[in-house]
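Coordinate analysis (summary)
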Amino acid sequence: MDFCFEDLEQRCVDAGHAEGFAKGDEEGAAEGRLVGLAQGKVLGHELGYYAGVIAVLRLDASDRAKRALDSCAAKIHDDFTDVDAIRTLFRAAMAHCGYNRGQRRSFSSRENHLW
């Protein structure tokens, strides 16, 4: 008789575990989706800012500076997932345009956070 109850208890535990695992998986995916959307929005703002600055500075840049700006713009377009490389290229392009880190207030307050 004890054997029947032990088997029943184990089946209930197994069923509860499977149900909890499935529910946790669903809730984790939903939470991950929300976090990913939020981080994607922040990244999109940053890359959009870089693209806008590049477009404006390119209008009056030297040939050397244009090459640096174009390199950064191409990286944004071709491989936007490598954000560290894009940031490095953006800083280098700004240096080629005559802006150094101490002059970053020349653009906007948002740029202070990104540069």
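Basis of the calculations
- One numbering rule holds for all chains: residues counted from 1, following each sequence as written.
- Local features are withheld for residues below a pLDDT of 70 in this predicted model, meaning they are given only at 70 or higher, and side-chain atom pairs are given and counted only at 80 or more; totals for whole chains, interfaces and linings count all residues.
- With hydrogens and water set aside, each side-chain value is computed from the structure's full complement of heavy atoms.
- For the purposes of this section, nonpolar cores are sets of buried Ala, Val, Leu, Ile, Met, Phe, Trp, Tyr and Cys residues that join through side-chain atoms within 4.5 Å.
- Exposed residues in this analysis have more than 50% of their type's maximum accessible area, buried residues have under 20%, and partly exposed residues fall in between, with area computed by a 1.4 Å probe over protein chains only.
- The secondary structure listing takes helices from DSSP runs of H or I that are at least 4 residues long and strands from runs of E that are at least 2 residues long, numbered from the N terminus.
- By definition here, a salt bridge exists when the distance from a side-chain nitrogen of Lys or Arg to a carboxyl oxygen of Asp or Glu is within 4 Å.
- Here the expected length of a helix is defined as 1.5 Å per residue gap, with one fewer gap than residues.
- It is the directions from the helix axis to the C-beta atoms that the arc portrays.
- Polar contacts, as used here, are pairs of N or O atoms within 3.5 Å; protein pairs need one atom able to donate a hydrogen and one able to accept it. Residues neighboring in sequence count only if both atoms are side-chain atoms.

With that settled, the discussion passes to the nonpolar core. Tyr 50, Leu 69, Phe 90 and Met 94 are the most contacted members of the largest nonpolar core, which has 16 residues in total. Elements supplying a minimum of two residues to this core: helix H1 (2–58), helix H2 (63–78) and helix H3 (83–96).

Opposite charge on two side chains permits pairing when their charged atoms draw close. Enumeration according to the criterion identifies five salt bridges in this entry. Notably, a salt bridge pairs Arg 87 with Glu 46, separated by 2.6 Å at the nearest N-O pair. With Arg 87 in helix H3 and Glu 46 in helix H1, the pair connects residues that are 41 residues apart, well separated along the chain. Note on Arg 87: relative accessible area 26%, which makes it partly exposed. Ionic pairing is found between Asp 70 and Arg 58, a salt bridge with its closest N-O pair at 2.6 Å. Of this pair, Asp 70 sits in helix H2 while Arg 58 sits in helix H1, and the two are 12 residues apart along the sequence. It is possible to trace a salt-bridge network through shared partners that takes in Glu 46, Asp 84 and Arg 87.

We now examine H3. For H3, which comprises 14 residues, the first-to-last C-alpha distance of 20 Å matches the rise-based estimate of 20 Å (1.5 Å per residue) to within 8%. Val 83, Ile 86, Phe 90, Ala 93 and Met 94 are the residues of H3 that are buried. Relative to the axis of H3, the buried residues are bounded by an arc of 100° and lie together on one face. Downstream of H3 by a residue or two, Gly 98 has a phi angle that is positive, lying close to 95°.

Looking now at H2. Between its first and last C-alpha, H2 extends 22 Å over 16 residues, near the 22 Å set by a 1.5 Å rise per residue. Burial in H2 covers these residues: Ala 65, Ala 68, Leu 69, Cys 72 and Ile 76. For H2, the angular spread of the buried residues around the axis is 95°, confining them to a single face. Exposed and oriented more than 90 degrees from the buried face of H2 are Asp 63, Arg 64, Arg 67, His 77 and Asp 78.

Turning our attention to the side chain of Glu 46. On the accessibility criterion, Glu 46 (5% relative accessible area) is buried. A polar contact is formed between the side chain of Glu 46 and the side chain of Arg 87, at a distance of 2.6 Å.

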